[in-house]
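# Summary of structural features
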Amino acid sequence: MCMTEEKDNVTTENKGLVFDNGKIEIIQEFQSPDHLYQDLIDRVRRYHPSDDISLIEKAYKTAYEAHKTQVRKSGEPYIIHPLCVAIILADLEMDKETIAAGLLHDVVEDTIMTDEEIEAEFGSDVALLVDGVTKLQLLQLSREHEGKTPDKLEMQAENLRKMFLAMAKDIRVIIIKLADRLHNMRTLKHMPPEKQQRIARETLDIYAPIAQRLGISKIKVELDDLSLKYLEPEVYYDLVDKIAIRKSERERYIQNIVNEVSKHIENAGIKAEIDGRVKHFFSIYKKMKNQDKTIDQIYDLFAVRIVVDTVKDCYAALGVIHEMYKPIPGRFKDYIAMPKPNRYQSLHTTLIGSNGQPFEIQIRTYEMHKEAEYGIAAHWKYKEASDGKKVEGQEEEKLTWLRQILEWQQDMSDNREFMNLLKNDLDLFSDNVYCFTPRGEVKNLPAGSTPIDFAYNIHSAVGNKMIGARVNGKLVPIDYEIKNGDRIEIMTSQNSKGPSMDWLNVVKSTQAKNKINQWFRNELKEENIVKGKEMLTAYCKTKAVNMQEIMKPEYMNGIMKKYGFRDWDSVCAAVGHGGLKEGQIINKLQELYDKDHKKVITDEDVLAAVAENQGKAIRAKQQGGIVVKGIHDVAVRFSKCCSPVPGDEIVGFVTRGRGVSIHRTDCVNIINMPEMERVRLIDAEWQQSPGEVTGEKYFAEIKIFANNRSGLLADITRTLTEKDIDILSLNTRVSKQDVATLSTSFEVRSREELNRIIDKISAIESVIGIERTTG
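Scope of this entry: the structure provided in the associated data block. (Residues numbered from 1 in each chain as written. Predicted model: local features only at pLDDT ≥ 70, side-chain atom pairs only at ≥ 80, totals over all residues. Heavy atoms only, no water.)

## Some thoughts on the overall build of the protein
The helix and strand inventory of the protein stands at 31 helices and 23 strands. Looking at the protein as a whole, 51% of its 775 residues are labelled buried. Counting only contacts in the protein whose residues sit at least 6 apart along the sequence, the fraction spanning at least 24 positions is 67%. Looking at the protein as shown, the accessible area adds up to about 36900 Å², and 48% of this sits on carbon and sulfur atoms. (Helix = DSSP H or I, 4+ residues; strand = E, 2+ residues; numbered from the N terminus. Buried < 20%, exposed > 50% of the residue type's maximum accessible area, 1.4 Å probe, protein only. Contact = heavy atoms within 4.5 Å. Areas by Shrake-Rupley, 256 points an atom, 1.4 Å probe, with all protein chains shown as cover.)

As C-alpha cells, then:
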C-alpha cells in the first residue's frame, strides 16, 4: 500500500503468488490472519538460524491491534496486507528487523501510533525503516494529471529525489517498498481501469527497473508481467493464449531436453541441478518489441537452467552442451567474465534442439543463482558476524547507479532534465554493449554508445579533454557506434577546449549527457550569472513586480535553501543556463514577501469593493456569458490553465492589476492555492442556463491517451471534422512504451458539446482515456 488510492482499493481477495525456494506457491483466498502469520513464521524458520522470533511476534501483535478496526472492502481484516508484505520479505530471506518493519509499515500512517513509540518498542533500526517507508508512502510518483503543467513535473521529480535519498540511507527501505508494491500489483484487478493503468505504468517505469538494478529478479519479473497485464492486456492475453497452445506438448519437449542434458552432465561427472521453463511474458514481449518480431519469430521461448558448484563446472557443462546440440552463431553470452551492471553472472547459449526448435540454456553456480534471485537482498540475510547487515565488496557495486543518481541530484536544479535522465537510465527496454579498455577492463554501456560515452564512463576529465578515439587499433569518428568486444582507446590533449554542444546529439548514456551539460554550466557560469540577472529584472518589469521589495536577503536565502544553492550568483547562473525559470524565482520571492506583508493596501481596496457590492451581479463586458458578483466595471478573462466552458462550475480570482480571471472550480491552480490567496476568490456564474446554448464559442483543450497505431491521428481528426470542430492546435508524442499522447485545442459552445466530442473520441479504437486540462 503506497498511496491513498491504493489503500481504498486493496482487493477483497487474498490470493497471490509467493516464492518458496525458487518455486511459486499460491496463498489461497480468505485465509485468516493467524493462519498467514503462522505461514510467515514457518518461512522465517526455514532459513533463520535463530529460534527467537519475539521481535516479529511483537510486531504482528502491534500491527494487529493498530489495524483491528480497519477492514478491506470485502470485510476482511486490513492486517492481511502487511502480513503478505512480510511473507514476500521472508521469501527474500530478509533479516528479522526488515520483516518487523514490513508488518509495521502502515502503522504510523494509518493509526495514532507515533515514530517515537515504534522506536521505544522495537528499537532504532526498525523505527528508521518504518519511518523511511512511511515517508515514501506519502509520495505519489505519478499523478492523475501527470505532465499537465511544469508544476506537476516538478512535484513528481521532487518526490523521486526524496525516494532515492531514502534508499541511500538504508537500502532495506526500498526492498520493503518493492514487496509492498508487488502485493498491490497482485491485487490490482479490483481497482478502476484508469488507476490500474496509472499504477502499472509507474511500476514499469520506476519500481521494476529499481528491482532489476538491485538484482532482485524474483520481484522484478513478476512486476514486469503484472504491469504488462494491465498496460497491454490484449498483448498479454495473446501471449498467454499462444504459449498455452499445445501446452502439454511443450512441457514434454522441455522435460525431454532436461532429461537429455541431465544424462550427459551426469556422465561427464558434473554435479548439477537442472530444470526448464517457458520464459516470462514480459521478457518475450520485450524481445518482440525491440526486434520487431512476432512470437513465432522469437527463438528462445524456452530456457533450461543448469546450476553447478564451481565456475570451472560452468565452462565444463558448456562444453558438454555444445557437443550435444548445435549452437546458434552469435547467441552465446558470457556474463561470468563480463557481469551485468547489477552483478548478474551466468553463461547464456541458444541451441537448436533435436526437433529443430531453438531453446536457451543458462549455466551458473549456486552462489550466482542466489545472487540472481535475491540480488542485494541476499546480503541482508542473517549472518553470524556482527556486521551481517553491512553491504560490502561486490554488493556495493550494485549501488553505484544509486550514487550516480544522487550525484545528478546535486548537479541538477532543472527537474525536467533530471526526470529525462532518470527515465532513460531506468529504461527497461534498453540493451547494453560490452567493451574493453586498453588494459582489458570491461565497460558496460547502453547499446548505441559512442567513444564519447566510453570516455565519460572512465572519468569526466577524460571526456572533457578527448580529441579522438581508436577502436581495435584503428581511428574512428566520434559518432562510431560501439560493438560488443571492441577495444577502445581514447586520445586526449591538454590543449582541448572542451566538449562540443554537438556531442549532446551524439552520446547515448545519461552519464555522458549530464557531464557535458555540467561542463558547460561551469565554464559559462560568469556569462550565465549576468544573463540570469537580466532575465530576472526583465521578468519583474513585464509583470510589474517591485524588485527592490522582494530582493531582500531573507527572501533570497529562502530561494537558495529551496533549490540547494550556496549563493545568489549560483541561482542567477541556473536561470541563465535554463535550469530554473525566472518566473519560478520571482513568484517564490513574491510569495515569501506576501507572507510577511499580508495586509497590502491594494488588497484591502479590492476586498472592500467586494464587500460593498456583495450581492450585486455585474455582467462582464469583455467576455460574454459571465456574471461576477461584487465588483463593478472590472475586466474579466478566461484562464488558459483550465479553459472553462458554459456548464462548468466556475469561480473568479481577483488578480493584481489584470482584473478577474475565471477558473473551473476543479482547476489545479485553484485547488492548490495558498490559504492567504483564497481571499481573492469571488463568486462567478454563467449568464445562460446549463441547457441554453448561445452563438459564442469558448476555448477548450483535451489530452488523448492511446496505444499507438497506424491511422490513429487520422481517425481523431476525422471525428472532430465530422462534428464541425475547427482544430486550433494539435501536438503529439509517443513514449518508448508506444503510448501516444495527443494534445488538441478547439472551440465549443458548451460543456454538453464538449462531452459529446469526448464520448465520440473515446469510442475510437485503441484510445485509452481522455482528460481535460485542469491547470
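## Digging into unusual backbone geometry
One can expect most non-glycine residues to show negative phi and most peptide bonds to be in trans. The backbone of Glu93 sits at a positive phi, close to 55 degrees, despite the residue not being glycine. Locating Glu93 in the fold gives a position in the loop between α4 (80-91) and α5 (96-104). You will see that Asn472, though not glycine, has its phi angle at about 55 degrees, which is positive. Since its relative accessible area comes to 45%, Asn472 is described here as partly exposed.

## Details of the pattern of salt bridges
Enumeration over the complete set of coordinates arrives at 17 salt bridges. One salt bridge connects Asp39 with Arg43, and the closest N-O pair in it is separated by 3.1 Å. Of this pair, Asp39 and Arg43 both sit in helix α2 (residues 33-47), separated by 4 residues, roughly a single helical turn. On the basis of relative accessible area, Arg43 is assigned to the buried category, the value being 2%. A salt bridge links Asp569 to Lys533; the nearest nitrogen and oxygen atoms lie 3.7 Å apart. Of the two residues, Asp569 is situated in helix α26 (residues 568-577) and Lys533 in helix α23 (residues 525-542); the sequence distance between them amounts to 36 residues. (Salt bridge = Lys/Arg side-chain N within 4 Å of Asp/Glu carboxyl O.)

## Focus on the packing of aromatic side chains
One pass over the full model with this rule turns up 8 aromatic pairs. Aromatic pair Tyr335 and Tyr344: ring centres 6.0 Å apart, planes at 70 degrees, arrangement edge-to-face. Both residues of the pair, Tyr335 and Tyr344, count as buried. Here the aromatic cluster, defined as three or more aromatic residues joined through ring pairs, consists of Tyr37, Tyr60 and Tyr64. (Phe/Tyr/Trp six-rings, centres within 6.5 Å; stacked < 30°, edge-to-face > 60°.)

## What about the state of the cysteines?
Inspection of the entire model under this criterion finds 0 disulfides. Cys641 provides the cysteine sulfur closest to Cys667, a residue in no disulfide bond, and the two sulfurs are 3.5 Å apart. (Disulfide = S-S within 2.5 Å.)

## Examining a nonpolar patch on the surface
Among the surface-exposed residues, Leu713, Ile727 and Leu730 lie close enough to one another that they form a single nonpolar patch of about 210 Å² accessible area. Relative to the elements of secondary structure, Ile727 occurs in strand β21 (residues 727-734). (Patch = residues over 30% accessible without salt bridge, like charges linked within 9 Å, V, L, I, M, F, W, Y side chains within 5 Å.)

## As for the sheet that holds strand β22 (residues 739-748)
Neighbouring strands of a sheet are bound in pairs by backbone hydrogen bonds; such pairs are parallel or else antiparallel. One open sheet accounts for 4 strands, arranged β21-β22-β20-β23; its pairing is antiparallel. Looking at strand neighbours, the two that pair on one side only are β21 and β23 (767-772), the edges of this open sheet. Averaged over all neighbouring strand pairs, the angle between strand axes comes to 15 degrees, with direction disregarded. Relative to β22, strand β20 (residues 698-707) runs antiparallel, the two sharing 10 bridges. Bridging across to β22, Phe699 finds its partner in Glu747. (Pairing = 2+ DSSP bridges. Axes fitted to C-alpha atoms, helices over the stretch in contact; angles between N-to-C directions.)

Coordinates in, geometry out; function isn't part of it.
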